[in-house]
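# Architecture and fold: a report
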Amino acid sequence: MCLGIPMQVLSTSGLTARCRDRGTETDVDLSLVGPVAPGTWLMVFLGAAREVLSEETAKQTADALEALSMAMRGETDFDHLFADLTGREPSLPDFLKPTEHGTSKP
């Protein structure tokens, strides 16, 4: 299984960016997303940027990955990492909500 890692661009040179994730720096291929400015957040898979992210999405993804790491260590106190989900009822995406005829939208 391959997990995407949110990384922030530190500097660029052509279609290569120096990026940081939790203190670790690495070079990332930008061929799939094109040129980006320093400070930009990217979703990185196997050394290649696949998507430009908002800072909020990057933080939520990093928090979810931290919660996964904690769960793998047997820890269970990670609700704070899902602040956007706790304390509210889950909601269906629009395409799964019933229509007036009682079936989901196509």
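An account of the accompanying structure is given in this report. (Residues numbered from 1 in each chain as written. Predicted model: local features only at pLDDT ≥ 70, side-chain atom pairs only at ≥ 80, totals over all residues. Heavy atoms only, no water.)

## As for the nonpolar core
Among soluble globular proteins, nonpolar side chains are generally buried collectively. Core analysis: the biggest nonpolar cluster contains 10 residues, these being Met7, Val9, Ala17, Cys19, Val28, Leu30, Val36, Leu42, Val44 and Ala49. Those residues within four positions of leucine 42 in sequence are excluded, and the remaining contacts are Ile5, Pro6, Met7, Val9, Cys19, Leu30, Val33, Val36, Ala49, Glu51, Val52 and Leu53. (Core = buried A, V, L, I, M, F, W, Y, C linked by side-chain atoms within 4.5 Å. Buried < 20%, exposed > 50% of the residue type's maximum accessible area, 1.4 Å probe, protein only. Contact = heavy atoms within 4.5 Å.)

## Focus: a nonpolar patch on the surface
The grouping of Leu3, Leu68 and Met72 at the surface amounts to a nonpolar patch, some 310 Å² of accessible area in total. The topology assignment puts leucine 3 in the segment before β1 (5-13). (Patch = residues over 30% accessible without salt bridge, like charges linked within 9 Å, V, L, I, M, F, W, Y side chains within 5 Å. Areas by Shrake-Rupley, 256 points an atom, 1.4 Å probe, with all protein chains shown as cover. Salt bridge = Lys/Arg side-chain N within 4 Å of Asp/Glu carboxyl O. Helix = DSSP H or I, 4+ residues; strand = E, 2+ residues; numbered from the N terminus.)

## Quick notes on the pairing of strand β5 (residues 48-53)
One ladder, built from 5 bridges, connects strand β4 (residues 41-45) with β5; its direction is antiparallel. Across the sheet, residue methionine 43 finds its bridge partner in β5, namely glutamate 51. What sits between β4 and β5 in their antiparallel hairpin is a turn of 2 residues, with leucine 46 showing a positive phi close to 50°. (Pairing = 2+ DSSP bridges.)

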